[in-house]
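Summary of structural features
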Amino acid sequence: MSKPKRYWMMKSEPDAFGIDDLERVGTEPWNGVRNYQARNFMRDGMREGDGVMIYHSNCKVPGIAGIARVASAAYPDETQFDATSKYFDEKASREQPRWFLVDVAFERKLKRLIPLEEIKTHTDQLGEGFALTAKGSRLSVFPVTSAQWELLLSLE
DNA sequence: GCCAACGTTGGC
DNA sequence: GCCAACGTTGGC
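The rules behind each value
Here the residue numbering is sequential within each chain, running from 1 through the sequence in written order. Chains and ligands are labelled by the order in which they are written, letters from A for the one and numbers from 1 for the other. Per-residue local features of the predicted model are confined to residues with pLDDT of at least 70, and side-chain atom pairs are confined, for both listing and counting, to 80 or more; whole-chain, interface and lining totals are unaffected and use all residues. Hydrogens and water are ignored here; the side-chain numbers use all heavy atoms of the structure. What counts as a helix is a DSSP run of H or I of at least four residues, what counts as a strand is a run of E of at least two, and both are numbered from the N terminus. Here the globule rule reads 2.2 Å times residues to the power 0.38, and the radius of gyration is calculated from C-alpha atoms. Exposed residues in this analysis have more than 50% of their type's maximum accessible area, buried residues have under 20%, and partly exposed residues fall in between, with area computed by a 1.4 Å probe over protein chains only. Working definition of accessibility: Shrake-Rupley area with a 1.4 Å probe, residue cover restricted to the visible protein chains. In this charge count, Lys and Arg are treated as positive and Asp and Glu as negative; neither His nor the chain ends contribute. The location of each charge is read from NZ of Lys, CZ of Arg, CG of Asp or CD of Glu. At least two bridges found by DSSP between two strands are what make those strands a pair. Only heavy atoms are used to decide nearness, and a residue is near a molecule or strand if one of them lies within 4 Å of it. Polar contact is defined as a pair of N or O atoms within 3.5 Å, subject to the rule that within protein one atom must be able to donate a hydrogen and the other to accept it, and that residues adjacent in sequence are counted only when both atoms are side-chain atoms. Take a side-chain nitrogen of Lys or Arg and a carboxyl oxygen of Asp or Glu: if they are within 4 Å of each other, that pair is a salt bridge. Think of a nonpolar core as a cluster: buried Ala, Val, Leu, Ile, Met, Phe, Trp, Tyr and Cys residues, connected wherever their side-chain atoms sit within 4.5 Å. We call two residues in contact whenever any of their non-hydrogen atoms come within 4.5 Å of each other. The residue classification treats Ala, Val, Leu, Ile, Met, Phe, Trp, Tyr, Cys and Pro as nonpolar and Asp, Glu, Lys and Arg as charged. All others, Gly included, are polar.

Regarding its fold elements, chain A presents six helices and eight strands. When the helices and strands of chain A are listed from N to C terminus, the series reads β-α-α-β-α-β-β-β-β-β-α-α-β-α. For chain A, whose C-alpha radius of gyration is 15 Å, the value lies close to the compact-globule estimate of 15 Å for 156 residues. The C-alpha extent of chain A, read off along each of the three principal axes, is 45 × 45 × 30 Å. A burial count over chain A gives 46% of its 156 residues as buried. Accessible area for chain A stands at about 8700 Å²; split by element, carbon and sulfur atoms hold 48% of it. Of note, chain A has its 22 positive side-chain charges centred 3 Å away from the centre of its 23 negative side-chain charges.

The following block contains the structure:
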């Protein structure tokens, strides 16, 4: 009996790395997350095979762009050790890594981008606490319930 | 480009 | 431990 699948949303700026980039590379180490809550979700919550919605942020039409899946267990983000990386963290060491990531594998693009504007009209069903639309929330990695997942996909 | 909201840092 | 200052996020 397999464990129940979990669902997540991960934000990305399409100018930096969007769903088209993920499609091209296939699988990508989701590096650069430097928020403890987001890290904890990746490190402690994610399991290989979990579903991921890829959200495009900080762009002309923000919204959900595609579906991916968690493709590895969590492991240390290499960029924290790289002094030439913008994600370098001088307080991190290989003995005591601070930042973790998972590999994310492309599954498919949505038939159309589901705009944030439209998602907001379903707040009553998604719940006030849904991190994507919760006031002031800037989390870039957060859980999605199966009910939320299905509702969002039904908008496609 | 603006700016509100947030998370982190560091002085005290 | 408080909290002001700062840097970042991300919609608009």
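We are not done yet, so read on.
On to the pairing of strand β7 (residues 103-115), then. The sheet contact formed by strand β2 (residues 27-29) and β7 spans three bridges and is antiparallel. Of the residues in β7, the one forming a bridge with Pro 29 is Asp 103. Sheet topology note: the strand β4 (residues 63-70)/β7 ladder contains seven bridges and is antiparallel. By the bridge assignment for β7, Gly 66 is matched with Lys 109.

Taken together, the residues surrounding DNA strand B are Asn 35, Tyr 36, Lys 91, Arg 98, Lys 135, Gly 136 and Arg 138. Counted by atom, the contact set of DNA strand B within 4 Å of the protein is 75% sugar and phosphate. The separation between a phosphate oxygen of DNA strand B and a polar side-chain atom of Lys 135 is 3.3 Å. Between DNA strand B and the protein, one listed contact pairs a base oxygen with a side-chain N or O atom of Arg 138 at 2.7 Å.

With that settled, consider the pattern of salt bridges. Taken as a whole and assessed by the stated rule, the structure comprises 10 salt bridges. When the shortest N-O distance is used, the salt bridge between Arg 108 and Glu 156 registers 2.8 Å. With Arg 108 in strand β7 and Glu 156 in the segment after α6 (146-154), this residue pair connects regions lying 48 residues apart in the sequence. Residue classification places Arg 108 among the partly exposed positions, given a relative accessible area of 33%. In the salt-bridge network here, residues are joined through shared partners; they are Arg 108, Lys 111 and Glu 156.

Moving on: the nonpolar core. Ranked by internal contacts, the top residues of the largest apolar core, which has 40 residues, are Met 9, Met 10, Ile 64 and Leu 152. It is β4 that provides the largest number of residues to this core, a total of five residues. Not counting the four nearest positions on each side in its chain, Met 9 is found in contact with Met 53, Tyr 55, Ile 64, Phe 130, Leu 132, Ser 140, Val 141, Phe 142, Val 144 and Leu 152.

On to the protein's contact with DNA strand C. Looking at DNA strand C, the residues that line it are Lys 11, Tyr 55, Ser 57, Asn 58, Pro 62, Leu 116, Lys 120, Arg 138 and Leu 139. Sugar and phosphate atoms represent 70% of those atoms of DNA strand C found within 4 Å of the protein. Separating a phosphate oxygen of DNA strand C from a side-chain N or O atom of Tyr 55 is a distance of 2.7 Å. Asn 58 places a main-chain nitrogen or oxygen 2.9 Å from a phosphate oxygen of DNA strand C. Broken down by class, the residue content of the surface near DNA strand C amounts to four nonpolar, two polar and three charged.

Turning our eyes to something else, we now look at unusual backbone geometry. Even without being glycine, Asn 58 reaches a positive phi, approximately 55 degrees. By secondary structure assignment, the location of Asn 58 is in the loop between β3 (51-56) and β4. According to the relative accessible area criterion, Asn 58 is exposed, its value standing at 59%.

These values are about where atoms sit, not about what they do.
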